[in-house]
Amino acid sequence: HRGAIGRYSLKNMSFCVAVIGAGTIGRSFAWLFARSGYPVQVFDPRPDLAEVVTELQAEVSADAAAHDMLASELGTISLAESVETAVAGASFVQ
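Predicted model, so just to flag it, every value in this text is computed and none were measured. (Residues numbered from 1 in each chain as written. Predicted model: local features only at pLDDT ≥ 70, side-chain atom pairs only at ≥ 80, totals over all residues. Heavy atoms only, no water.)

### Details of the pairing of strand β3 (residues 17–20)
So, step 1. Both β3 and strand β4 (residues 40–43) contribute to a ladder of four bridges, which runs parallel. Bridging across to β4, Val19 finds its partner in Val42.
So, step 2. Between the parallel elements β3 and β4, the chain passes through helix α1 (residues 24–35) in a crossover that is right-handed.
So, step 3. In terms of strand pairing, β3 meets strand β6 (residues 92–93) through two bridges, oriented parallel. Each bridged residue has a counterpart across the sheet, and for Ala18 the counterpart in β6 is Val93. (Pairing = 2+ DSSP bridges. Helix = DSSP H or I, 4+ residues; strand = E, 2+ residues; numbered from the N terminus. Right-handed = clockwise from strand over helix to strand, strands pointing away.)

Right, here's the structure in full:
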């Protein structure tokens with residue numbers, strides 16, 4: 001079921017995700033949540049984080065277009081300047 005984690009549906013909530021770390025696993029989670037329609041804030045101290053976030057958003061958009069999804073069905077991936085900023089207001093932290 002799209003928009004659900006486990007048995008809980010998240011689509012009816014104001015739900016945002018914080019991803020701490022932009023390695024392989026962090027990027028995978030950010031992609032998955034954004035592709036499923038949730039806004040994602042990513043933090044990592046790596047110097048190329050802006051490029052990583054830009055590439056991830058492009059990958060999400062390209063995959064959605066390939067599957068005839070509307071842009072309005074996608075979440076966004078944005079850069080957080082700190083862990084505190086990323087988790088402020090987050091419903092889920094990965």
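### Observations regarding helix α2 (residues 49–66)
So, step 1. Helix length check: α2, at 18 residues, gives a terminal C-alpha distance of 26 Å against a target of 26 Å (1.5 Å per residue), a fit within 8%.
So, step 2. The complete set of buried residues in α2 reads Leu49, Val52, Val53, Leu56, Gln57, Val60 and Ala64. On an axial view of α2, the arc spanned by its buried residues comes to 130 degrees, and they lie on one face. Facing away from the buried side of α2 by over 90 degrees, the exposed positions are Thr54, Ala65 and Ala66.
So, step 3. Tucked into the core, α2 has its buried residues touching α1, β4 and β5 (77–79).
So, step 4. At the exit of α2 stands Asp68, carrying a positive phi of roughly 55 degrees. (Expected span 1.5 Å × (residues − 1). Buried < 20%, exposed > 50% of the residue type's maximum accessible area, 1.4 Å probe, protein only. Arc of directions from axis to C-beta. Contact = heavy atoms within 4.5 Å.)

Shape descriptors only; they carry no functional weight alone.
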